[in-house]
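Here is how the chains run, residue by residue.
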Amino acid sequence: MATQVVMPKLSPTMEEGQLSRWLKKEGDPVSMGEPIAEIDTDKATMEMQALGNGVLRKILIKEGESAPLGQLIAIIGEADEDISAMLKGGAPASGGKAADVSPAPEPSTQPQQTDAPTKAAGSAPATQPPSSDGKATPASAPAESGGRLVVSPIAARMAAESGINLGSVKGSGPGGRIIKRDVEAALSAGGTAGKAEAGSPQRQSRAVKSGAPAEESVIRGASPFRDVPMSEMRRTIARRLVTSIGPVPHFFLTTEIEMDRSADLREALKEVYPQQKISLNDIVIKAVAWALIQNPDVNASFQDKVIRYYEHADIGVAVATDNGLITPVIRSADLKSISEINSEIRELAERARARKLTPDEYTGATFSVSNLGMYGIDEFTAVINPPEGAILAVGAMTPKAVVKNNEISIRQMMRVTMSCDHRVIDGAVGAEFLQAFKKAMENPLYLVVPDAG
């Protein structure tokens, strides 16, 4: 009995997926629970497993193509089974059934970018509507158009990291597009032929490093420009921002904190844990968790008809990746030591940049922290990640002249701004949280002495 394989929902915010790699080819035997493909979602690359036995009869979505949730992407059936009705979009043949596929228990350890096709501004979508036989047809583009190379995102990233000049690589993808295996072949051949030079078309930009090749165009009388296809992650960020800064009534609270004692604690912890690189951000996360337990009205989220209050502080930590921002979650940070928080943040951040996080590792935070202090930013405001009730924006620690005991002295100072959802948090409630956070940062013994405060 034939089984329809459709694009699965592999993350809570996923609306479509890119087929990163087929692990099976047409004609291969397939067993229930066996991984058959890698799907690039908005947050990670994950394996999907088959929910049927038989043979992979037909692949309808090629590597690098995208499909919305529920779209037919493959058919599993018996070797001699008639699947013509399925291919034409009709009822499943031989009493066949439509079935989803499930994500593997662990994220893929395979390469995490996708060979997504690129397209110039104004060109047809990479995937056209299904043809009469039910198969999605990719819109092929020539390998070069007006001197422009057509390169998949993963191929562009691999070339950027390896210094390969794509102008010397022959594409084997649709229409001569350069894809992952072409760059791998160039690397295996030694990769010395055609190394990229500064100032050449292979010049590195952030867009190319992120795996999104830029399509360059020139309009008479105007400056040259590039159209960079958005990744699934960047599209999701755009959608979620629209649901945050507009519908969520933000208000902002800013305070300045004397950081000398926290800086001293960091140096002391570095001596105790020399194998770890304890950062001020680790202390910030612990202080936020401590302040949330002291002020439970802030450890809450808006849920349409109710306000949900949480018993523990699950802190989302904003991590910048080449594909966009993601917030891995430190669960029950109020119960963990600064050293434990440090280890967990580093491990989650590393896996986030490799796109190996599972959905439960980046969803469900009760409060988020965004720190741009390491970039020299003194102060900024952050956008709340719904349904969370607040987010804390942390600036740089810098020496400043301050008046203390009627004397001018130099102190390490840091400014933080709290963005609050006014449906959940009132001004006085937010201010009390910031007072507790400031208390913990200026007297960090509260964070290391059990039951302090």
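Above this text sits the structure in question.
Below, the structure is looked at part by part. (Residues numbered from 1 in each chain as written. Predicted model: local features only at pLDDT ≥ 70, side-chain atom pairs only at ≥ 80, totals over all residues. Heavy atoms only, no water.)

## A word on the pattern of salt bridges
The tally for this structure, following the rule as stated, stands at 15 salt bridges. For Lys25, the salt bridge goes to Asp28, with nearest N and O atoms at 3.6 Å. The class of Lys25 is exposed, set by a relative accessible area of 56%. Overall, Asp28 belongs to the buried group, its relative accessible area being 17%. Notably, a salt bridge pairs Arg415 with Glu256, separated by 3.7 Å at the nearest N-O pair. On the criterion of sequence distance, the pair formed by Arg415 in strand β24 (residues 407–421) and Glu256 in strand β15 (residues 250–258) is long-range, its members being 159 residues apart. Residue classification places Glu256 among the partly exposed residues on the basis of a relative accessible area of 25%. (Salt bridge = Lys/Arg side-chain N within 4 Å of Asp/Glu carboxyl O. Buried < 20%, exposed > 50% of the residue type's maximum accessible area, 1.4 Å probe, protein only. Helix = DSSP H or I, 4+ residues; strand = E, 2+ residues; numbered from the N terminus.)

## Focus: the sheet that holds strand β21 (residues 329–330)
Spatial strand order, β15-β24-β23-β22-β18-β21: six strands in an open sheet with mixed pairing. This sheet does not close on itself; its edge strands, each paired only once, are β15 and β21. Pairing of strand β23 (residues 390–404) with β24 involves 13 bridges; the strand directions are antiparallel. Note that in β24 the partner of Ala393 across the bridge is Thr417. (Pairing = 2+ DSSP bridges.)

## Concerning the packing of helix α7 (residues 280–294) against helix α8 (residues 338–353)
Between α7 and α8, the least distance of the axes is 9 Å, while the angle of their chain directions is 115°. Relative to α8, α7 is oriented roughly perpendicular. For α7 against α8, the interelement crossing comes out right-handed. Contacts between α7 and α8 involve Asn281, Asp282, Ile283, Ile285 and Lys286 on the former and, on the latter, Ile338, Ile341, Asn342 and Ile345. The residue inventory of the contact of α7 with α8, partitioned by class, reads five nonpolar, two polar and two charged. (Axes fitted to C-alpha atoms, helices over the stretch in contact; angles between N-to-C directions. Parallel < 35°, antiparallel > 145°, perpendicular 65-115°, else oblique. Left-handed = near helix turned anticlockwise from the far one by under 90°. Contact = heavy atoms within 4.5 Å. Nonpolar A, V, L, I, M, F, W, Y, C, P; charged D, E, K, R; others polar.)

## Considering the pairing of strand β6 (residues 54–59)
In this structure, strand β3 (residues 29–30) lies alongside β6, joined through two bridges in antiparallel fashion. Looking at the pairing, Val30 lines up with Gly54 of β6. As judged from the four bridges shared by β6 and strand β8 (residues 72–77), these two strands associate in the antiparallel manner. Across the sheet, Leu56 pairs through a bridge with Ile76, a residue of β8.

## Topic: the nonpolar core
Val288, Ile315, Phe367, Met418 and Phe437 are the most contacted members of the largest nonpolar core, which totals 52 residues. Top contributing element to this core by residue count: α7, with 10 residues. Excluding its chain neighbours within four sequence positions, the residues that come into contact with Met418 are Phe251, Phe252, Leu253, Val298, Phe367, Ala390, Ile391, Leu392, Ile425, Gly430, Phe433 and Leu434. (Core = buried A, V, L, I, M, F, W, Y, C linked by side-chain atoms within 4.5 Å.)

## Looking at the environment of Ala390
With respect to the helices and strands, the residue Ala390 is situated in strand β23. Along the backbone, Ala390 and Asp421 are 31 residues apart, and their C-alpha atoms lie at a distance of 6.0 Å. Beyond its immediate stretch of four places on either side in the chain, Ala390 contacts Phe367, Ser368, Ile384, Met418, Ser419, Cys420 and Ile425.

## Description of helix α6 (residues 260–272)
Each turn of an α-helix holds 3.6 residues, which means side chains three or four residues apart point in the same direction. Compared with the 18 Å implied by 1.5 Å per residue over 13 residues, the 19 Å span of α6 between its first and last C-alpha is a close match. For α6, every residue scored as buried is listed here: Ser262, Ala263, Leu265 and Leu269. Angularly, the buried residues of α6 cover 155° about the axis, an arc narrow enough to put them on a single face. The exposed set on the far side of α6, more than 90 degrees from its buried face, consists of Arg261, Asp264 and Glu271. For α6, the elements touching its buried residues are α7, α8, β23, α9 (427–442) and α10 (445–448). (Expected span 1.5 Å × (residues − 1). Arc of directions from axis to C-beta.)

## A short note on the packing of aromatic side chains
The full count for this structure, using the stated rule, is two aromatic pairs. On the numbers, 5.4 Å between centres and 35° between planes, the contact of Trp290 with Tyr446 is tilted. Of this pair, Trp290 sits in helix α7 while Tyr446 is found in helix α10, placing the two residues 156 residues apart along the sequence. Consider the rings of Phe367 and Phe433, whose centres lie 5.3 Å apart with planes at 40°: the pair is tilted. Remark: Phe433 occurs in helix α9 and Phe367 occurs in strand β22 (residues 367–371); sequence separation between them is 66 residues. Each member of the pair, Phe367 as well as Phe433, is classed as buried. For the cation-ring pair, Arg423 lies above Phe302, with the distance from its terminal atom to the ring centre recorded as 3.8 Å. (Phe/Tyr/Trp six-rings, centres within 6.5 Å; stacked < 30°, edge-to-face > 60°. Lys NZ or Arg CZ within 6 Å of the ring centre and 35° of its normal.)

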